[in-house]
Amino acid sequence: MDTLDIAFAEARRYLASLDTRPVASRGSPADILAGLPARFPPQGMAAADVVRAIAAAAEPGLTANAGGRFFAWVKGGALPAALATDMMCSAWDQNVVLASTSPAGAVLEALAGQFLLEALRLPADASYAFVTGCQMAHATALAAARHGVLADKGWDVEAKGLQGAPAIRVLANAHHHSSVTRALRLLGLGSDCIVPLGGDEPGRVSVDALRRALADAPEMATIVVLNAGDLNIGASDDFATLCPMAQSAGAWVHVDGAFGLWANASQRLASQVAGIDLADSWATDGHKWLNTPYDCGMAITRHPEAHIAAMRMTAAYVSTGGPVRDPMDFTPEWSRRARALPALAALMELGRDGLAAMIERCCDHAAAIYDGIVGLEGAVGIARPTLNQGLVRFDTRKGDNISDAVIAAVNASGEAFVSGGNWDGERVMRISVCGWNTSDNDVARTVAAVGAALKRLDS
């Protein structure tokens with residue numbers, strides 16, 4: 001059997017098992033390593049034997065996050081067209097850094113970017129970059145923001161760096177994701193530049209909080225970071241009000257839309273992120289709500305000149321400047337696979353109606369899981385999903401919080417996989433639904449698994 005045939009057979013076997021295999025992995029590190037050489041082998045192995053050995057080694061350590069009952073963190077699965085295209089990308093092995101290194105990759109990435117902007121209803125002339133994930137999307141977009149706010153102060157940060165530069169403050173939603181903080185560290189701004197902003201509503205920046213912060217140092221170079229989809233409760237900021245307010249004060253507005261930005265693709269849900277198109281930059285993930293394979297993130301800016309200034313590099317041996325967009329002008333990577341192509345495949349497979357339906361279906365399933373669990377004795381509803389994120393706490397009859405124990409029991413059962421978090425000083429279960437293939441039956445099985453865990457723990 002050809003080596004690729006073996007790999008495809010193993011992939012098909014895994015996908016066929018998703019509905020019946022335990023969602024959580026069951027193997028220990030020793031189990032995973034048991035069938036592999038303990039030391040670098042002195043002689044090489046046949047390619048077919050290598051593929052079989054690695055497939056066997058991985059089996060006990062695989063989680064079924066590609067299936068319909070994985071609700072931990074914020075992970076999607078992989079749509080059939082996106083998965084198949086990703087396999088072709090590996091076989092083609094293109095370095096899509098320049099149009100000259102991969103004409104097919106560059107041309108199709110440009111089409112993917114066009115479709116992406118249309119799907120998310122963002123400005124048609126915005127620039128975009130396909131990167132590894134939202135972490136690097138933040139770094140890319142915030143590099144453009146750094147350029148923009150310092151250029152406004154007469155400082156060329158790409159030439160002069162940050163030593164001696166005007167200080168930058170970042171007014172950020174107090175519930176901002178840690179990937180924003182790390183992006184600011186990577187960009188040399190440091191975490192101390194962040195001024196957290198709160199408000200009267202959980203997870204949202206208030207108008208008064210932003211107004212006071214902007215007035216506190218009106219001459220200072222300022223970036224405002226807002227949320228589209230809080231990690232715990234799915235809340236989004238009031239972009240229609242806050243974006244113009246910040247921009248009128250000379251600030252650059254960046255949106256963390258790792259998953260929440262995709263709500264703008266749904267007519268039903270778009271009101272929750274109304275005005276999001278007014279921002280200056282956005283960061284999101286394809287491997288969350290677009291359901292592409294890992295790894296695919298997107299950075300988008302309405303200021304292509306700042307984006308290019310922050311990213312562009314030149315060398316005597318590099319052929320640039322032709323009629324086709326060079327991806328390297330917009331991304332921090334020199335070597336990069338054709339990661340835009342699975343995103344293009346997903347967008348083509350879904351279309352506008354299918355994308356909206358998938359997003360809305362996930363939200364409906366999240367609400368159904370929440371409602372089903374809250375109806376169980378011992379479950380306390382904390383935040384019903386407005387998008388696809390919800391929070392539940394579990395108490396014994398004596399009032400002890402057993403949320404972590406319930407999570408562990410559900411995951412150990414193999415019926416579903418969920419994760420925990422903190423909210424108002426209490427441990428809670430997070431419900432996150434991003435998978436394209438989650439079904440009503442998956443919802444019922446998950447609620448039943450939680451019910452069984454509660455009975456065992458509080459009997």
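Located above this text is the structure these notes cover.
Let us look at the structure shown here.

Conventions used here
Each residue is numbered by its place in its chain's sequence as written, counting from 1. In keeping with the predicted nature of the model, local features appear solely for residues at pLDDT of at least 70, side-chain atom pairs appear and are counted solely at 80 or more, and the whole-chain, interface and lining totals rest on all residues. Side-chain numbers here rest on the full set of heavy atoms in the structure, without hydrogens or water. The working definition used for a salt bridge is a side-chain nitrogen of Lys or Arg within 4 Å of a carboxyl oxygen of Asp or Glu. Put simply, DSSP marks the helices as runs of H or I at least four residues long and the strands as runs of E at least two long, and each gets a number from the N terminus on. The axes used here are C-alpha line fits, helices contributing only the stretch in contact, and every angle between their N-to-C directions lies in the interval 0 to 180 degrees. Any angle between 65 and 115 degrees counts as roughly perpendicular, while under 35 counts as roughly parallel, over 145 as roughly antiparallel, and the rest as oblique. Handedness of a crossing follows from how the near helix is turned relative to the far one, being left-handed for an anticlockwise turn of less than a right angle and right-handed for a clockwise one. Any pair of residues with heavy atoms lying within 4.5 Å of one another is described as a contacting pair. All residues other than Ala, Val, Leu, Ile, Met, Phe, Trp, Tyr, Cys, Pro, Asp, Glu, Lys and Arg, Gly among them, are scored as polar; the first ten of these are nonpolar and the last four charged. Note that a disulfide, as used here, is simply two cysteine sulfur atoms within 2.5 Å. Two rings from Phe, Tyr or Trp (for Trp, the six-membered ring) form a pair when their centres sit within 6.5 Å of each other. Planes less than 30 degrees apart are called stacked, planes more than 60 degrees apart edge-to-face, and all others tilted. Exposure is judged per residue with a 1.4 Å probe applied to protein chains only, and the accessible area is read against the type maximum: over 50% gives exposed, under 20% gives buried, and values in between give partly exposed. Residues grouped as a nonpolar core are buried Ala, Val, Leu, Ile, Met, Phe, Trp, Tyr and Cys residues, joined through side-chain atoms within 4.5 Å. The pairing criterion is simple: DSSP has to find at least two bridges between the two strands. Surface patches are drawn from residues lacking salt bridges whose relative accessible area is over 30%; two like charges belong together within 9 Å, two nonpolar side chains (Val, Leu, Ile, Met, Phe, Trp, Tyr) within 5 Å. Shrake-Rupley sampling with a 1.4 Å probe provides the accessible areas, and residues are treated as covered by the protein chains on show and by no other component.

So, about the pattern of salt bridges. Evaluation of the coordinates by the stated rule reveals 22 salt bridges. With a shortest N-O distance of 3.0 Å, R13 and E10 are connected by a salt bridge. Of the two residues, R13 and E10 are both situated in helix α1 (residues 3–16); the distance of three residues between them amounts to about one turn of the helix. Where E109 meets R325, a salt bridge forms, and the shortest distance between an N and an O atom there is 3.1 Å. Taken together, the residues E109 in helix α5 (residues 103–120) and R325 in the loop between α11 (304–311) and α12 (340–374) connect sequence positions 216 residues apart. Residues participating in the shared-partner salt-bridge network are E109, D295, R325, E333, R336 and R339.

Time to look at the packing of α1 against helix α3 (residues 47–58). Where α1 meets α3, the closest approach of the two axes is 9 Å, and the angle between their N-to-C directions is 15°. By the angle between their axes, α1 is roughly parallel relative to α3. Between α1 and α3 the crossing geometry is right-handed. Here T3, I6, A7 and E10 of α1 come into contact with α3, specifically with A47, A48, V51, R52 and A55. Here the contact of α1 with α3 is composed, by residue class, of six nonpolar, one polar and two charged.

Counting across every chain of the model gives zero disulfides. Note on C134: no disulfide assigned, nearest cysteine sulfur contributed by C296 at a separation of 11 Å. In this structure C243 is not part of a disulfide, and its nearest cysteine sulfur, from C134, lies 16 Å away.

The subject of this paragraph is the packing of aromatic side chains. By the definition in use, this model includes five aromatic pairs. Each ring, one from F70 and one from F417, has its centre 5.1 Å from the other, and the planes form 5°; the classification is stacked. Of the two residues, F70 is situated in the loop between α3 and α4 (80–92) and F417 in the loop between α13 (403–413) and β10 (419–423); the sequence distance between them amounts to 347 residues. Summarising the burial analysis for this pair, F70 and F417 share the class buried. A centroid spacing of 5.7 Å and a plane angle of 40° characterise the contact between W73 and F417, whose relative ring orientation is tilted. Note that W73 is positioned in the loop between α3 and α4 and F417 in the loop between α13 and β10, a separation of 344 residues in sequence.

Here the focus is the side chain of H365. Mapped onto the secondary structure, H365 falls in helix α12. If near-sequence neighbours (up to four positions away) are discounted, H365 is found in contact with V433, T438, S439, D440 and V443.

What follows deals with the nonpolar core. L210, L355, I373 and F394 are the most contacted members of the largest nonpolar core, which totals 81 residues. Per element, the largest residue contribution to this core is 15 residues, and it comes from α12. Among the nonpolar cores identified, the runner-up in size contains 27 residues, and A143, L150, I168 and V180 belong to it.

The next subject is the sheet that holds strand β1 (residues 127–131). To summarise the sheet geometry, strands pair through backbone hydrogen bonds and adopt either a parallel or an antiparallel arrangement. What the seven strands build is an open sheet, ordered β1-β7-β6-β5-β4-β2-β3; its pairing is mixed. Of all the strands in the sheet, the pair left with one neighbour each is β1 and β3 (194–197). Strand-to-strand twist in this sheet, taken as the mean axis angle between neighbours without regard to direction, amounts to 20°. Bridge count for β1 against strand β7 (residues 297–301) is five bridges, and the pairing is antiparallel.

Glycine aside, residues mostly have negative phi, and peptide bonds are mostly found in the trans state. Cis geometry marks the peptide bond from Y294 to D295, where omega comes out at 5°. Here D295 shows up in the loop between β6 (281–285) and β7. With a phi angle near 60°, N291 is a residue other than glycine that sits in the positive phi range. Among the structural elements, N291 can be located in the loop between β6 and β7.

Position of V406 among the secondary structure elements: in helix α13. With residues up to four places along the chain from it excluded, the contact list for V406 reads F394, M429, V450, A453, L454 and L457.

Our next topic: the pairing of β6. Of all five residues making up β6, five are buried, and the element is well covered by its neighbours. Alternating positions in β6 separate into two faces, S281, A283 and D285 on one and W282 and T284 on the other, with burial throughout. Sheet topology note: the strand β5 (residues 252–256)/β6 ladder contains three bridges and is parallel. Looking across to β6, one finds that D256 is bridged to A283. Of the strand pairs in this sheet, β6 and β7 are connected by five bridges, and their pairing is antiparallel. Paired with W282 across the strands is I300, a residue of β7.

This paragraph deals with the sheet that holds strand β8 (residues 379–383). An order of β8-β9-β11-β10 is seen for the four strands of this open sheet, with the pairing classed as antiparallel. Only two strands of the sheet have a single neighbouring strand rather than two, namely β8 and β10. Going from strand to strand, the sheet's axes swing by 40° on average, the running direction of each strand aside. Across four bridges, the pairing between β8 and strand β9 (residues 389–394) is antiparallel.

Our next topic: a nonpolar patch on the surface. A surface patch of nonpolar side chains, about 250 Å² in accessible area, is lined by L4, F8 and M87. Topologically, F8 is positioned in helix α1.

This next bit is on helix α10 (residues 239–248). Along α10, the residues classified as buried are F239, L242, C243, M245 and A246. Of the surrounding elements, those touching the buried residues of α10 are α9 (207–216), β4 (221–227) and β5.

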